[in-house]
Amino acid sequence: GQQLNQSPQSMFIQEGEDVSMNCTSSSIFNTWLWYKQDPGEGPVLLIALYKAGELTSNGRLTAQFGITRKDSFLNISASIPSDVGIYFCAGIRNAGKSTFGDGTTLTVKP
Amino acid sequence: DTGVSQDPRHKITKRGQNVTFRCDPISEHNRLYWYRQTLGQGPEFLTYFQNEAQLEKSRLLSDRFSAERPKGSFSTLEIQRTEQGDSAMYLCASSFPGDGETQYFGPGTRLLVL
């Protein structure tokens, strides 16, 4: 089946540092999504990418849809304590289910 | 609040009991999805509806699981004869075709089977 490999699994960074995480797949996706999830809550959409090569920003967050359609990355600049949480990538191949990575847990030290 | 809502937020039940969860999607969204998430994992797809039609079901959805969306608005997910392995967060999401199929999630229902 379709698998998304998300890395790194966890990150411990100092406040103010930049963060980069990525997702790769052996399958092509037509849409890439990045979510943030806090404990006990549902995932909250951060950025949606719809075209290969697309680079999209949302405040301090920037994400790119890989040109091969098999990967995506998310960057967070100048991290702050409220960036703490679990970040998930998700790919959609056709209308219907999303395939999720297993998340990157981000810890920000003040 | 116009987001996806789920009820209840938490459910504790004994093994063998039946449970039912409800999801109310964003009002103009015609697609509705159910996912299951266990600790340390990403959400796993269970099933999805377009209007009232159930279009896809995962192999994870055993015979004990049934989902309905009778009027194309809210949906219910029922688990019969619950097992301890059913303990998880059950997430609902909805989407609208004009929005690139972007799925917006509810807060989830956390199920604990004792």
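The structure under discussion appears in the preceding block.
Counting restarts for each chain: residues are numbered from 1 in the order of the written sequence. Here chains are named by letter from A upward and ligands by number from 1 upward, in the order in which they appear as written. The model is predicted, so local features are restricted to residues of pLDDT at least 70 and side-chain atom pairs to those at 80 or more, both for listing and for counting; the totals for chains, interfaces and linings are taken over all residues. Here the side-chain values reflect all heavy atoms present in the structure, with hydrogen atoms and water set aside.

**Let's talk about the overall build of chain A**
We count it as follows: Counting from the N terminus, the helices are DSSP H or I runs at least four residues long and the strands are E runs at least two residues long. Computation of the radius of gyration draws on C-alpha atoms alone. For the globule rule, the value is 2.2 Å times the number of residues to the power 0.38. Exposed residues in this analysis have more than 50% of their type's maximum accessible area, buried residues have under 20%, and partly exposed residues fall in between, with area computed by a 1.4 Å probe over protein chains only. Contacts are assigned to residue pairs with any non-hydrogen atoms lying within 4.5 Å of each other. Per-residue and other accessible areas follow the Shrake-Rupley method at a 1.4 Å probe size, with only the shown protein chains counted as cover for residues.
Assigned secondary structure in chain A consists of zero helices and eleven strands. When its helices and strands are written in sequence order, chain A yields β-β-β-β-β-β-β-β-β-β-β. The C-alpha radius of gyration computed for chain A amounts to 13 Å, which stays within 12% of the reference 13 Å derived for 110 residues, consistent with globular compactness. Along the first, second and third principal axes, the C-alpha atoms of chain A reach 40 × 30 × 20 Å. Burial statistics for chain A: of 110 residues in total, 44% are counted as buried. Restricting the contact set of chain A to residue pairs at least 6 apart, pairs at least 24 apart contribute 52%. Here chain A has roughly 5100 Å² of accessible surface; of this, 50% comes from carbon and sulfur atoms.

**A look at the interface of chain B and chain A**
Here is the rule: Here, a salt bridge means any side-chain nitrogen of Lys or Arg that lies within 4 Å of a carboxyl oxygen of Asp or Glu. When residues are grouped by polarity, Ala, Val, Leu, Ile, Met, Phe, Trp, Tyr, Cys and Pro land in nonpolar, Asp, Glu, Lys and Arg in charged, and all others, Gly among them, in polar.
Listed per partner, the contact involves 24 residues of chain B and 20 residues of chain A. Counting every contact that joins chain B to chain A gives one salt bridge. Between Glu41 of chain A and Arg9 of chain B there is a salt bridge, and its shortest N-O distance comes to 3.6 Å. Counting residues per element, the ones that place at least two in the side of chain B that touches chain A are β4 (31-37), β5 (44-50), β9 (88-95) and β10 (104-105) of chain B. Of the residues that constitute the side of chain B that touches chain A, the class distribution is ten nonpolar, eight polar and six charged.

**Here we look at the nonpolar core**
Quick reminder of the rule: Take the buried residues of types Ala, Val, Leu, Ile, Met, Phe, Trp, Tyr and Cys, join any two whose side-chain atoms come within 4.5 Å, and each joined set is a nonpolar core.
Counting 21 residues, the largest nonpolar core has Trp32, Trp34, Leu74 and Leu106 of chain A as the members making the most contacts within it. Counting only elements with at least two residues in this core, the list comes to β2 (10-14), β3 (19-25), β4 (31-37), β5 (44-49), β7 (61-65), β8 (71-76), β9 (85-92) and β11 (104-109) of chain A. Grouped together as the second largest cluster of nonpolar side chains are 19 residues, Ile26, Trp34, Phe65 and Ile79 of chain B included.

Keep in mind these values describe shape, not function.
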